[in-house]
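# Coordinates in review
Now for the letters of each chain:
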Number of protein chains: 2
Amino acid sequence: MRASQYLLSTLKETPADAEVISHQLMLRAGMIRKVASGLYTWLPTGYRVLKKVENIVREEMNKAGAIELLMPVVQPADIWLESGRWEQYGPELLRIKDRGARDFVLGPTHEEVITDLLRNEVSSYKQLPLNFFQIQTKFRDEVRPRFGVMRSREFIMKDAYSFHTTQESLQKTYDDMYAAYSAIFTRVGLDFRAVQADTGSIGGSWSHEFQVLADSGEDDVIFSTESDYAANIEKAEALAPTAQRAAPTKTMELIDTPNAKTIEELVNQFNIAVEKTVKTLIVKATKDSGHQFVALLVRGDHTLNEVKAEKLELIASPLEFASEQEILSAIGAGPGSLGPVNLKLPVIIDRDVAVMSDFSAGANIDGKHYFNINWQRDVSLPMIADIRNVVEGDKSPDGKGTLLIKRGIEVGHIFQLGTKYSKAMNATVQGEDGQNHVMIMGCYGIGVTRIVAAAIEQRYDDRGIIWPDAIAPFKVAIIPMNMHKSEKVQQTAEKLYTELQASGIDVFFDDRKERPGVMFADAELIGIPHTIVIGERNLDNGEVEYKYRADGDKKMVRADSIIDFIKNKCQ
Amino acid sequence: MRASQYLLSTLKETPADAEVISHQLMLRAGMIRKVASGLYTWLPTGYRVLKKVENIVREEMNKAGAIELLMPVVQPADIWLESGRWEQYGPELLRIKDRGARDFVLGPTHEEVITDLLRNEVSSYKQLPLNFFQIQTKFRDEVRPRFGVMRSREFIMKDAYSFHTTQESLQKTYDDMYAAYSAIFTRVGLDFRAVQADTGSIGGSWSHEFQVLADSGEDDVIFSTESDYAANIEKAEALAPTAQRAAPTKTMELIDTPNAKTIEELVNQFNIAVEKTVKTLIVKATKDSGHQFVALLVRGDHTLNEVKAEKLELIASPLEFASEQEILSAIGAGPGSLGPVNLKLPVIIDRDVAVMSDFSAGANIDGKHYFNINWQRDVSLPMIADIRNVVEGDKSPDGKGTLLIKRGIEVGHIFQLGTKYSKAMNATVQGEDGQNHVMIMGCYGIGVTRIVAAAIEQRYDDRGIIWPDAIAPFKVAIIPMNMHKSEKVQQTAEKLYTELQASGIDVFFDDRKERPGVMFADAELIGIPHTIVIGERNLDNGEVEYKYRADGDKKMVRADSIIDFIKNKCQ
């Protein structure tokens, strides 16, 4: 590509509204431009990277035996009603009406469309397993789109869906996808981890997230200091403490705490250790439980893990907190004064709360707390469950080492869906036994556009992006010095450009009438891995200069061997 | 691809709701499935074809110097308000609201987004010309989606937009695009014609349509019998008759015609030649004309050309017909009794009407017509214009031969847009003179998904599709006879499959336990150009059978030279 016939659109200044480095650099490098909140145009330089990522994803999916197809962006409501997601999905699902006022959605994923397809097209177990993928535009109406293409509303996803008659067959495809994803992220050049994940609202039974470690990540990823255990925060188990509950040492007291509505206020005003306090959260119970609300207790310095909580039988899913008004009318006290003593609700306490003694909690009377509460002596021990998020220093669930927390960007996710969709939509095949069997499903997603941002988060310096060769917009930059004054420089540059292009190498030829400093800055900002600088003086010595973006190393190379030198670098 | 690991989804029966052959064959060949009205999933076989078409389009666009980027499907309303299309575009433009009740559209084209981009990114004439393209999902909420992907609501389009400071530069890019389009449609294997076209509601000054000739086409394409003149029906000029108007021979009479509300009824009941009758149509006038309505007169056997009419200064664009009620209150007579005599509206008559004499038309009194009207004698001659559609036998506008009408499928369209969008959106660059100049634009569209259907309309037989090699889903089918009983057949087939694949040839290996007849029928239905049949008896003679889909020719080929034979065919 000749710079003079290209839209470079690089920016010197960092745009004020871009918070994370990838967003800043994608704007500065002329990769994307915002069209509206969460909606971006991929400029030529960004699109080149995107297309390379897409091709790597496609190649590895094909290699793994998945079959490509293409489903529509706009999906009819009826299949979403059938799966139940029309009701369950929050406002991220953009529901629209066509000119005839019929309901549709802009697809955030395609489980319904593919399940509907397969129930019509497949009739026998002999046709399975099958695994389909598409690389396609998705829409999620994020409440707060941010970080550029990292969390945009419109994005490109590779989504795959597999169909099986046995769990073993699903496990085999799941393992194949695990391997394919590892190959994809390795080829793209990402430092990633596959971590155990919860299946969340999409349903199903088993899943892994592929997380790129970066400070700007929005997810907490949990690692063991001494094993390869890795999970996301929703999934990571907080083991039951090994220590026994200590015996009571103090008498329970009802204390006036008019200004202590939070744990922090209680701890500060009464000088008690936060580990001796308990937080009480009121959530809605399932409709058929016979209860309206359930109280959840975690230690004052811990936080509730909503995913763990909503999986408990008593508790409504998705988790819904009681409003202040609901708490007042159900308990007679506000949210700042709640506790287990004299509480007329079902109570579930965290494993760590179960071993506490002489602890403080609200008295279910506004402005009052009980101090020195002890289980069994003052209140009977309720149901115990793991309902908190792990914290650094917790024991690793596999028994090896302790937990570390790092930030991650989720770039892929593989699920064993089971029969969630196929059952709801009655997608069956005839089995070997002649009977109809509900198909077992897996689904496998990759955030194609997000990979681009994640790659930048891991590789940049103060001059700009440092692309891995595999996804660089151009592999080689040719920078001629004062080309418009030197015929020799111009001829060498033109010849080199033509020859490299003929070798199938993506070359950026900066033929603009710009100062060398501007050309260098642009090539570095957009992150071209290999640069060839052509200057008259060096040419007089039969040489050109080669520069490697990643480490800034320079090297003189014989002009007549530069093509082979570069070909060698670009292999 | 092994058939056993693929979703073939071929159908024996022709689906009842598919009217045209391409729709029928795309369903039968397992290329597409309907998700909802005008929304389709591209099954693996269809997707393979689509992807090949897309790649050809991309290669030729790149070759022609266009730069690829990607704009969002969902576009904010504000830029559509700025261009004026928010108001002008009919209900085909799907207007939606996001979770915050902000207005958006699902993009049917991207003039607004690209113009907004360029006005921000380009500041100097030195950066131009630039030509951008994308291959992307579009949405048009068709009132009656039909013919499968030929007129669907969601479809894939290649749209390109060029920016210039001079008309000469636009013309150069327009010519380049004309050449690129010709190369694309030739490579895809279509029998097409570039025809002069009207620019329609998208605006602009000059355009060509690329039409694929097929009986199922929805467009009328006009050709000369003796020259290369070709135009679409909207554009084709009806020349003024060379004959002079004949002198009046009869006296004008007011006749009772209570049962003649249409030209057909008038002609039948009173035994007059249809060429001696005139149709009067009432349309709305432009707001600033000082008139509310305008009467348009065409000969009884001609039809109004709405595009020609709405270009006339007096007439509102888009063309809007007066309602029956509006006609009654403006004229005092219903639509079945209108004519030029005593009509208190501005009147525009077609060139052919201007040379009529002794003709009949409504009397502007319900149930009455004037017979033997003559211009100037009975009513003064109104404004004359070309406002009718041409008919077969008309003289060619270039003076050579007469006109023929054929049916066409529009697969591409190139426009010289001029400054329609850049002016409305104030997209300027600084010129050589230091002043700001509104950029001049071109736009260039290809219906990527429609090409697939159009290719089928041109190449099929009673066994199925006959793909050109360039876009066939698979180039070669390997059909082994009774493979599961013959180790020799199986080994030969497997080896051939592996070797052809290694040569980069798309092979469909029918490894199913099916009867040969089923395999042949499927390979022919999905239109694989080259078939290799492997049978034990032929192998005993060291031979395999080669069959060419297009003509059904069979040929025995030495088994040890079949790879070279096929490679040669697939070049």
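The coordinates are above.
Below is a short write-up of the structure.

Across its full length, chain A holds 16 helices and 30 strands. Along the first, second and third principal axes, the C-alpha atoms of chain A reach 95 × 65 × 50 Å. Going through the 571 residues of chain A one by one, you find that 58% of them count as buried. In chain A, the proportion of contacts linking residues at least 24 apart, taken out of those at least 6 apart, comes to 68%. Put simply, chain A shows about 23,600 Å² of open surface, and 46% of that area lies on carbon and sulfur atoms.

The two copies are related by a screw operation: chain A maps onto chain B through 180° of rotation and 0.1 Å of translation along the axis, at an RMSD of 0.1 Å. The relationship between the two copies is best expressed as a two-fold rotation axis. When each C-alpha of chain A is compared by its distance to the rotation axis, A:Ile96 comes out closest, at 3.1 Å. The share of interface residues of chain A whose copies in chain B are also at the interface is 100%, consistent with both copies meeting through the same surface.

Turning next to helix α6 (residues 167–188) of chain B. Residues and elements named next belong to chain B. Taking 1.5 Å per residue as the helical rise, α6 with its 22 residues ought to reach 32 Å, and the 31 Å between its terminal C-alpha atoms agrees with that figure. Listing the buried residues of α6 in full gives Ser169, Leu170, Thr173, Tyr174, Met177, Ala180, Tyr181, Ser182, Ile184, Phe185 and Val188. One or two steps after α6, the chain reaches Gly189, where phi turns positive at roughly 95°.

Residues and elements named next belong to chain B. With respect to the helices, strands and loops of the structure, Ser360 is situated in strand β17 (residues 359–365). The class for Ser360 is buried, based on a relative accessible area of 2%. If we ignore the near neighbours within four places in the chain, the residues touching Ser360 are Leu266, Ile272, Lys276, Thr277, Val278, Tyr370, Phe371, Asn372 and Ile373.

Let us now look at the interface of chain A and chain B. The accessible area lost on association of the parts is a frequent measure of interface size. Facing the 51 residues of chain A at the interface are 51 residues of chain B. Taking both partners together, chain A and chain B bury about 4,300 Å²; carbon and sulfur atoms supply 66% of that area. At six residues, the largest contribution of residues to the side of chain A that touches chain B is made by helix α2 (residues 44–63) of chain A. Residue composition of the side of chain A that touches chain B, by class: 32 nonpolar, four polar and 15 charged.

We now examine helix α14 (residues 516–525) of chain A. Residue and element names in this part refer to chain A. Counting buried residues along α14, seven of its ten residues qualify, which places the element largely inside the surrounding structure. Pro516, Val518, Met519, Asp522, Ala523, Glu524 and Leu525 are the residues of α14 that are buried. As for α14, its buried residues are in contact with α1 (21–28), β25 (464–465), β26 (476–480) and β29 (543–548).

So, on to the pattern of salt bridges. Tallying each qualifying case throughout the model produces 90 salt bridges over all chains. B:Arg102 is the salt-bridge partner of B:Asp98, the closest N and O atoms lying 3.1 Å from each other. Taking the relative accessible area as the measure of exposure, B:Asp98 reaches 6% and is therefore buried. Taken together, the shared-partner salt bridges in this structure form one network comprising A:Arg299, A:Asp301, A:Asp350, A:Asp352, A:Arg388 and A:Asp394.

For the structure shown, the criterion picks out seven cavities of 30 Å³ or more. As a volume, the largest cavity reaches approximately 310 Å³. When the residues that make up the lining of the largest cavity are grouped by side-chain class, the tally is nine nonpolar, four polar and six charged.

The omega torsion of the bond from A:Ser317 to A:Pro318 falls at 0°, within 30 degrees of zero and hence cis. When you line up the elements, A:Pro318 lands in the loop between α8 (306–310) and α9 (324–331). Of note in this structure, B:Asn364 is not a glycine but carries a positive phi near 60°. You can see B:Asn364 is positioned in strand β17. Among the residues examined, B:Asn364 registers a relative accessible area of 10% and is labelled buried.

Residue and element names in this part refer to chain B. Strands sit in the order β14-β15-β16-β19 across an open sheet of four strands; the sheet is mixed. Lying at the two open borders of the sheet, with one neighbouring strand each, are β14 (278–284) and β19 (383–385). For this sheet, the mean angle separating the axes of adjacent strands, direction not counted, is 30°.

Residues and elements named next belong to chain B. Here Asn374 shows up in the loop between β18 (368–373) and β19. At 2.7 Å, the side chain of Asn374 and the side chain of Asp358 are in polar contact. Not counting the four nearest positions on each side in its chain, Asn374 is found in contact with Pro248, Lys250, Ser357, Asp358 and Val379.

Another aspect to go through is the environment of B:Val438. All names here are of chain B. Following the sequence through the fold, Val438 ends up in strand β22 (residues 436–438). Note on Val438: relative accessible area 31%, which makes it partly exposed. For the pair Val438 and Ala424, spaced 14 residues apart in sequence, the C-alpha to C-alpha distance is 9.6 Å. Dropping the residues within four chain positions of it, Val438 is found in contact with Thr419, Ser422, Lys423, Ala427 and Thr428.

Conventions we followed
- Sequence order as written defines the numbering, with residues in each chain counted from 1.
- Going through the entries in the order they are written, you letter the chains from A and number the ligands from 1.
- The model is predicted, so local features are restricted to residues of pLDDT at least 70 and side-chain atom pairs to those at 80 or more, both for listing and for counting; the totals for chains, interfaces and linings are taken over all residues.
- To get the side-chain values, take all heavy atoms of the structure and skip hydrogens and water.
- Where helices and strands are cited, they refer to DSSP runs of H or I of at least four residues and of E of at least two residues respectively, numbered from the N terminus.
- Only protein chains enter the area calculation, which uses a 1.4 Å probe; residues under 20% of their type maximum are buried, those over 50% are exposed, and those in between are partly exposed.
- The criterion used for residue contact is that any of the two residues' heavy atoms lie within 4.5 Å.
- Computed with a 1.4 Å probe, the accessible areas rest on the Shrake-Rupley method; for each residue, only the protein chains presented here act as cover.
- A least-squares superposition brings the copies together, and it is based on the C-alpha atoms of residues with pLDDT no lower than 70 in both.
- In this analysis, the expected span of each helix is defined as 1.5 Å times one less than the number of residues it contains.
- Accessible area that two parts lose when put together, with a 1.4 Å probe and added across both, is what the buried area reports.
- Residues are grouped as follows: Ala, Val, Leu, Ile, Met, Phe, Trp, Tyr, Cys and Pro are nonpolar; Asp, Glu, Lys and Arg are charged; every other residue, Gly included, is polar.
- Definition used for salt bridges: Asp or Glu carboxyl oxygen within 4 Å of a side-chain nitrogen of Lys or Arg.
- In this analysis the probe radius is 1.4 Å and the grid spacing 1 Å, with only protein atoms considered; a cavity is a set of points the probe fits into but cannot get out of, a pocket is an open set with protein on both sides within 12 Å along at least five of seven lines, and lining residues have an atom within 4 Å of a point.
- Grid points are joined across faces, edges and corners, and a volume is the space filled by probe spheres set on the points.
- If DSSP finds at least two bridges between two strands, the strands pair.
- Between the N-to-C directions of two axes lies an angle of 0 to 180 degrees, each axis being a line fitted to C-alpha atoms and, for a helix, fitted only over the stretch in contact.
- For this analysis, a polar contact is any N or O atom pair within 3.5 Å, provided that within protein one partner can donate a hydrogen and the other can accept it, and provided that sequence-adjacent residues contribute only side-chain to side-chain pairs.

None of this, on its own, says anything about what the molecule does.
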